[in-house]
Amino acid sequence: APQAWTPGAGPYAVLIPCASRPEKLWPLANWIAVGQQFKAMGWHLAIMWGSPEEQKLAQAIADKTQGVVPPFLTVQQAADTLAHAQAVVGLDTGMSHLAAAHGRPTVGIYC
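What counts and what doesn't
Residues numbered from 1 in each chain as written. Predicted model: local features only at pLDDT ≥ 70, side-chain atom pairs only at ≥ 80, totals over all residues. Heavy atoms only, no water. Core = buried A, V, L, I, M, F, W, Y, C linked by side-chain atoms within 4.5 Å. Buried < 20%, exposed > 50% of the residue type's maximum accessible area, 1.4 Å probe, protein only. Helix = DSSP H or I, 4+ residues; strand = E, 2+ residues; numbered from the N terminus. Contact = heavy atoms within 4.5 Å. Pairing = 2+ DSSP bridges. Right-handed = clockwise from strand over helix to strand, strands pointing away. Salt bridge = Lys/Arg side-chain N within 4 Å of Asp/Glu carboxyl O. Disulfide = S-S within 2.5 Å. 1 Å grid on protein atoms, 1.4 Å probe; cavity = no way out; pocket = protein on both sides within 12 Å on 5 of 7 lines; lining within 4 Å. Points joined across faces, edges and corners; volume = space filled by probe spheres on them. Nonpolar A, V, L, I, M, F, W, Y, C, P; charged D, E, K, R; others polar. Phe/Tyr/Trp six-rings, centres within 6.5 Å; stacked < 30°, edge-to-face > 60°.

(A) Looking closely at the nonpolar core. With 18 residues, the main nonpolar core has L15, W31, F38, L45, I47 and V89 as its most contacted residues. Taken together, the elements giving at least two residues each to this core come down to β1 (12-16), α1 (28-40), β2 (44-47), α2 (52-65) and β3 (87-91). Apart from residues no more than four positions distant in its own chain, W31 is found in contact with L15, I16, P17, W26, I61, V89, G90, L91 and I109. Core analysis: the second largest hydrophobic core is formed by twelve residues, A46, M48, L73 and A99 among them.

(B) Here's a closer look at the pairing of β2. Examined bridge by bridge, β1 and β2 share four bridges and lie parallel to one another. Along β2, the bridge assignment pairs V14 with A46. As for the winding sense of the linkage, the β-α-β connection from β1 through α1 to β2 is right-handed.

(C) Summary view of the pattern of salt bridges. Enumeration according to the criterion identifies two salt bridges in this entry. Two residues, D92 and K24, come together in a salt bridge whose shortest N-O distance is 3.5 Å. Of this pair, D92 sits in the loop between β3 and α4 (94-101) while K24 sits in the loop between β1 and α1, and the two are 68 residues apart along the sequence. For D92, a relative accessible area of 25% gives the class partly exposed. We classify K24 as buried; its relative accessible area is 14%.

(D) Region of the structure containing unusual backbone geometry. Positive phi values are uncommon outside glycine, yet Q66 reaches one of about 60 degrees. Summarising the element assignment, Q66 is placed in the loop between α2 and α3 (75-83).

(E) Fine view of the state of the cysteines. Enumeration over the complete set of coordinates arrives at zero disulfides. For C18, which is in no disulfide, the shortest distance to another cysteine sulfur is to C111 and amounts to 13 Å. Classification of C18 by relative accessible area gives buried; the value is 7%. On the basis of relative accessibility, which here comes to 54%, the residue C111 falls in the exposed class.

(F) Region of interest: the layout of surface pockets. By volume, the largest pocket is sized at about 290 Å³. Looking at the largest pocket, it is lined by 18 residues, and the ones nearest its centre are W49, G50, E54, A78 and M95. For the lining of the largest pocket, the element with the highest residue contribution is α3, accounting for three residues. Computed from the structure, the second largest pocket encloses a volume of approximately 160 Å³. Residue composition of the lining of the second largest pocket, by class: six nonpolar, two polar and three charged.

(G) Structural context of the packing of aromatic side chains. Inspection of the entire model under this criterion finds three aromatic pairs. Taking 5.6 Å as the distance between ring centres and 10 degrees as the angle between the ring planes, the aromatic pair formed by F38 and W43 counts as stacked. Neither F38 nor W43 differs from the other in exposure class; each is buried. Their ring planes at 65 degrees and their centres at 5.8 Å tell us that W49 and F72 sit as a pair that is edge-to-face. Within this pair, whereas W49 is found in the loop between β2 and α2, its partner F72 is found in the loop between α2 and α3, the two being separated by 23 residues in sequence. Classification of W49 as buried rests on a relative accessible area of 17%.

Below you can see the structure in the form of structure tokens.
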């Protein structure tokens, strides 16, 4: 995928902490714990976002996990990035479903 953005060379996981409604959100501490587990495995970590408010949440997670917040990605770029991830953890959102459709190991969190 020529448009894939990655958080670094080597294996990486993607967290997708964004949702269309507040009741779908998962606590920040849980995202941090999951992110720290991926980092302990030696993987890079990307935290996706789509709006300015979501970017702030992604940065808060990145600050506590040594993760990377990508620049704004088009849907195609995000899809290409998800298609190459070793693992994806996300909420009930289209990007999580897209990762699963690409056959990536995906955990969907439904609150």
